Amino acid sequence: MKLEILPVNYPKAKIDDESKLAFGRQFTDRMFIMEFDRKLGWHSARIQPYGPLSLDPAATVLHYSQEIFEGLKAFRRVDGSLALFRPRDNISRFNRSATRMCMPEVDEDFLLDSLLELIRLEADWVPKSEGTSLYIRPTMIASEAFLGVRPADQYLCYIILSPVGAYYSGGIAPVKIWISDNYVRAAHGGTGEAKTGGNYAASLMAAKEAAEKGYDQVLWLDASEKKYVEEVGSMNMFFLYDDKIITSPLKGTVLHGITRRSALKLLQNMGYQIEERALSVDEVMEGAANGRLKEAFGTGTAVVISPVGSFCYKDHCIQLGDGEPGELTMKLYKELTDIQYGRQPDKYGWITAV
Ligand code: COI
């Protein structure tokens, strides 16, 4: 398929003070978009000025949430070059989500080439300061105007870009986590491991209640027993328990995080013994109380590595450590971001030059 490139006549003003960059509030001048219908397949691929989509009010996505998305980042490296982190992993997860949501797969090479072209055109939007990056949001929505419940026959796939700073307003400060004993995020056989908007919509009520109690995020328990910790919607969770690393196994309800996979590799290479196993909420709370749980942190593209400062479960709240980010958490953050920003060589083949 040919990629058409349309001109941008009215470029926006860029952020001059990068310390003010938040997460996902500003978007660049251009976007990638392509269309799908059953007869033509994917077609009309183009890079065009960023702007509103025209959607029929009956578009399936607006009624039944047939939608998927991804999150990845472009970094400005210390030598001035631009690079993407593990883009092929994100694009293949995009296709796995598409399959789960009965949506058409994309040609992975074509989408990656189009993304690289988009980043080259928007290179000036990649911020320069430490901790900043250009967040990339590939998205697919069902655009057919039809109110019956079945997979749509028409789709849009688009990519938008947003220069970002830290995901949490407190930067790398430890987050306060509320463990929900009421709401659940994902059940076996559901869509928990697909990156689909409905999973996030379903999490909002618990997040709102947690925020009202002064908590930053919700840690979800498994839906069948409400006993084992699974994930925080925006991050996979890791626990330094005694001297081992514990993280939830990927059994259908937890997102296959790409930062999770990268963290596992780096932790293995640091010599840690890793257990991908169900960890009960009682073990978390007891471990935090008796000091066996030394550190906890979340991993995700948006959050990178996020230290956890406290857990609250059934109105019982426990602070982890001294309230500062843990030593291992900060070491992992440094190792990962050193590779992303080019301060250390990429011996894992995770970096794609733009
Ligand atoms: C990401 O980390 O890229 C995500 O997609 C999480 C998002 C909901 C902020």
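Rules of the game
- Residues numbered from 1 in each chain as written.
- Predicted model: local features only at pLDDT ≥ 70, side-chain atom pairs only at ≥ 80, totals over all residues.
- Heavy atoms only, no water.
- Buried < 20%, exposed > 50% of the residue type's maximum accessible area, 1.4 Å probe, protein only.
- Helix = DSSP H or I, 4+ residues; strand = E, 2+ residues; numbered from the N terminus.
- Arc of directions from axis to C-beta.
- Core = buried A, V, L, I, M, F, W, Y, C linked by side-chain atoms within 4.5 Å.
- Contact = heavy atoms within 4.5 Å.
- 1 Å grid on protein atoms, 1.4 Å probe; cavity = no way out; pocket = protein on both sides within 12 Å on 5 of 7 lines; lining within 4 Å.
- Points joined across faces, edges and corners; volume = space filled by probe spheres on them.
- Nonpolar A, V, L, I, M, F, W, Y, C, P; charged D, E, K, R; others polar.
- Disulfide = S-S within 2.5 Å.
- Phe/Tyr/Trp six-rings, centres within 6.5 Å; stacked < 30°, edge-to-face > 60°.
- Lys NZ or Arg CZ within 6 Å of the ring centre and 35° of its normal.
- Domains from an automatic or database assignment.
- Buried area = accessible area lost by both parts, 1.4 Å probe.
- Salt bridge = Lys/Arg side-chain N within 4 Å of Asp/Glu carboxyl O.
- Polar contact = N/O pair within 3.5 Å; in protein donor to acceptor, adjacent residues only side chain to side chain.

1. Quick look at helix H7 (residues 281–290)
Residues of H7 that are buried: Val 281, Val 284, Met 285, Gly 287 and Ala 288. In an axial view of H7, the angular spread of the buried residues amounts to 165 degrees, which keeps them on one side of the axis. Directly beyond the C-terminal end of H7, a positive phi value near 85 degrees is found at Gly 291.

2. Regarding the nonpolar core
In this structure, Phe 32, Met 34, Val 106, Leu 111, Ile 119, Ile 136 and Met 140 are the most contacted members of the largest nonpolar core, which totals 35 residues. Every element with two or more residues in this core is listed here: strand E2 (30–37), strand E3 (41–49), strand E5 (72–76), strand E6 (82–85), helix H2 (87–100), helix H3 (108–121), strand E7 (133–142) and strand E8 (154–164). With seven residues, H3 is the largest single contributor of residues to this core. Apart from the residues within four sequence positions on either side, Leu 111 is in contact with Phe 32, Met 34, Ile 91, Phe 94, Val 106, Cys 157 and Ile 159. Judged by nonpolar contacts, the second largest core, of 25 residues, contains Met 237, Ile 246, Leu 279 and Met 285.

3. Overview of empty space enclosed by the protein
What the rule picks out here adds up to one cavity of 30 Å³ or more. There is about 30 Å³ of room inside the largest cavity. What lines the largest cavity is simply Glu 70, Leu 72, Asn 90, Ile 91, Leu 111, Leu 115 and Pro 138. Elements represented by at least two residues in the lining of the largest cavity include exactly H2 and H3. When its residues are assigned to classes, the lining of the largest cavity shows five nonpolar, one polar and one charged.

4. Some words on the state of the cysteines
For the structure shown, the criterion picks out one disulfide. The disulfide partner of Cys 312 is Cys 317, and the gap between their sulfur atoms is 2.1 Å. On the sign convention where negative means left-handed, the S-S torsion of about -40 degrees between Cys 312 and Cys 317 marks this disulfide as left-handed. Taking relative accessible area as the criterion, Cys 312 reaches 1% and is therefore assigned buried. Residue Cys 317 is classed as partly exposed on the basis of its relative accessible area of 42%. In this structure Cys 157 is not part of a disulfide, and its nearest cysteine sulfur, from Cys 102, lies 17 Å away. Residue class for Cys 157 comes out buried when judged on its relative accessible area of 0%.

5. Thoughts on the packing of aromatic side chains
Within the structure shown, the criterion is met by twelve aromatic pairs. Summarising the aromatic geometry, the rings of Trp 178 and Tyr 215 are spaced 5.7 Å apart at their centres and angled 65 degrees between planes, so their arrangement reads as edge-to-face. Taken together, the residues span a long stretch of sequence, with Trp 178 in strand E9 (residues 175–179) and Tyr 215 in the loop between helix H5 (204–212) and strand E10 (217–221) at a distance of 37 residues. Just as Trp 178 is buried, Tyr 215 falls in that class too. Taken together, Phe 36, Trp 42 and Tyr 155 form an aromatic cluster joined through their ring pairs. Above the ring of Tyr 215, the side-chain terminus of Lys 176 is found at 5.0 Å from the ring centroid.

6. Some details on the domain arrangement of the protein
Taken domain by domain, the protein comprises domain 1 (4–164) and domain 2 (175–340). Centre-to-centre, using C-alpha coordinates, domain 1 lies 27 Å away from domain 2. The partner domain 2 presents 20 residues to the 21 residues of domain 1 that form the contact. Carbon and sulfur atoms supply 55% of the area buried between domain 1 and domain 2, which totals about 1,800 Å² over both sides. A per-residue breakdown of the area domain 1 buries against domain 2 is headed by Phe 69, Phe 85 and Arg 93, which together make up 31% of the total. Taken together, the links from domain 1 to domain 2 amount to one salt bridge. Note that Asp 89 is salt-bridged to Arg 261, the shortest N-O span being 2.6 Å. Here domain 1 and domain 2 share 14 residue pairs in polar contact (both at pLDDT 80 or more) between them. Residue assignment for the side of domain 1 that touches domain 2 shows that the elements contributing at least two residues are strand E4 (67–69), E5 and H2. For the side of domain 1 that touches domain 2, the element with the most residues is H2, which contributes six residues. Here the side of domain 1 that touches domain 2 is built from residues that sort into eight nonpolar, four polar and nine charged.

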